[in-house]
Amino acid sequence: MEDHEILAKFQHPASRNLAFNQLVRKYQQKVYWHVRKMVIDHDDADDLTQDVFVKVWKNLENFRQDAQLFTWIYRIATNECLSFLQSKRRKFFLPLNDVGAELAAKVEADPAIAGDEIELRLQKAILRLPDKQRLVFNLRYYEEMPYEQMAEVTGTSVGALKASYHHAARKIEEYVTSTDNLASSPDEVD
Amino acid sequence: MKTPFRLDQHPRRWPQPLSSPPPGYFEQLPMRVMAQVAAPAPRPLPLAWLRHAPAYVRTGLASTVLLGTFAASMWLGAPLSAPSSTATLDTVSQQQLLDYLSSGEVHVDMLDLAELPTHHLGITRQYLKPSSSELTEALDAQPTDEAGVL
């Protein structure tokens, strides 16, 4: 079902639930993986994904169709992720590196990465980035999102996004290179 | 010498590098989300409007409740009203009253008798119905120093 159909059906109380169910089915995987790459842990990603869709439900009536539904949902998901990570630091008085180390430990325990040393170092390098830069990197590198769309999601200019991505990529390459043949840890090399 | 790592040469794990969620997760997620959004809104509390009331309304209401509570506690805590003297005297026979008043233990002077009608107009009509001879006898029995009062 196309977005405009979903939105039209959502306006009618009789078809609202059906339309929203279609919306969730259409975007759940994208939202989940977008969130999961930011918070790493499945349970956290599950909670946040549900929160995202609850917010979408509450605000969809006021959604202005001058933006794409997809980027609007991504924007909500992005804000949820950043708020979650921020509150995690506030809650446990953790500095940036400690949250990165906690997420790195979860990546290390992930069976999908186990045994792939370079991939593990790559993931740890990504986790060393500041949250917003990591978000930009994920959107561009894994989701191949056009910069214009990223600008809508993040509310940042295209130029700033390009600079941020290239800066992130350079830092990642440097980290993975420098940790070659070393026991990798997120705090070993700065 | 270390080989420089290049992102563009690294086989990218697309669309995600992490392990997949539990089997059936994406089949159940829409139902779980719908269960959350379709849940009936919690019934508003009877006094939920107080949260949105202006501060002066809440302050006024709190003061009124406090005063009302105080007044109610005073009213409920007060002893039952004492029976009126007239009602109490109703239970005493006229003969007992006469015996009491004429006994030597009680000294009723003329001032008492003079003030009685002004406070309790009915009591004299109800209890003091002496005959002329009784009055004369009572007056004659009064000490001489009381006569000056009259």
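Residues numbered from 1 in each chain as written. Chains lettered and ligands numbered in written order. Predicted model: local features only at pLDDT ≥ 70, side-chain atom pairs only at ≥ 80, totals over all residues.

**Concerning the overall build of chain A**
Here's step 1: Within chain A, the secondary structure is distributed over nine helices and zero strands.
Here's step 2: In chain A, the succession of α and β elements from N to C terminus is α-α-α-α-α-α-α-α-α.
Here's step 3: Taken over 190 residues, chain A has a buried fraction of 36%.
Here's step 4: A separation of at least 24 residues holds for 55% of the contacts in chain A among residues at least 6 apart in sequence. (Helix = DSSP H or I, 4+ residues; strand = E, 2+ residues; numbered from the N terminus. Buried ≥ 20, exposed ≤ 12 C-beta atoms within 10 Å, placed from the backbone. Contact = placed C-beta atoms within 7 Å.)

**What to know about the overall build of chain B**
Here's step 1: When helices and strands are counted, chain B shows nine helices and zero strands.
Here's step 2: Mapped in sequence order, the helices and strands of chain B form the string α-α-α-α-α-α-α-α-α.
Here's step 3: When each of the 150 residues of chain B is scored for burial, the buried share is 3%.

**Quick look at the interface of chain B and chain A**
Frequently, the measure chosen for interface size is the accessible area that the parts lose on association.
Here's step 1: With 23 residues of chain B in contact, the opposing surface of chain A contributes 32 residues.
Here's step 2: Residue composition of the side of chain B that touches chain A, by class: 15 nonpolar, four polar and four charged. (Nonpolar A, V, L, I, M, F, W, Y, C, P; charged D, E, K, R; others polar.)

**A short note on the packing of helix 3 (residues 42-59) of chain A against helix 1 (residues 25-37) of chain B**
Here's step 1: At their nearest, the axes of helix 3 of chain A and helix 1 of chain B sit 10 Å apart, and the two run at 50° to each other. Taken together, the axes of helix 3 of chain A and helix 1 of chain B are oblique relative to one another. Note that helix 3 of chain A runs across helix 1 of chain B; the crossing there is right-handed. Contacts between helix 3 of chain A and helix 1 of chain B pair A:Gln50, A:Phe53, A:Val54 and A:Trp57 from the former with B:Arg32, B:Val33, B:Gln36 and B:Val37 from the latter.
Here's step 2: When grouped by side-chain class, the residues that make up the contact of helix 3 of chain A with helix 1 of chain B number five nonpolar, two polar and one charged. (Axes fitted to C-alpha atoms, helices over the stretch in contact; angles between N-to-C directions. Parallel < 35°, antiparallel > 145°, perpendicular 65-115°, else oblique. Left-handed = near helix turned anticlockwise from the far one by under 90°.)

**Observations concerning the confidence of the model for chain A**
Residues and elements named next belong to chain A.
Here's step 1: Here chain A averages 88 in pLDDT, and 92% of its residues register 70 or above.
Here's step 2: Mean pLDDT across the secondary structure elements of chain A bottoms out at helix 5 (residues 96-109), with 80, and peaks at helix 3, with 96.
Here's step 3: Throughout residues 183-190 the model reports pLDDT below 50, and contacts reaching past four residues in sequence, or to other chains, amount to 17 contacts. (pLDDT = per-residue confidence, 0-100.)

**Quick word on the confidence of the model for chain B**
Residue and element names in this part refer to chain B.
Here's step 1: Chain-level statistics for chain B give a pLDDT mean of 76 and a share of 69% at 70 or above.
Here's step 2: Here helix 9 (residues 144-147) stands out as the element of chain B with the lowest mean pLDDT, 56, in contrast to helix 1, whose mean of 94 is the highest.
Here's step 3: The ipTM for the predicted assembly is 0.83, set against a pTM of 0.63.

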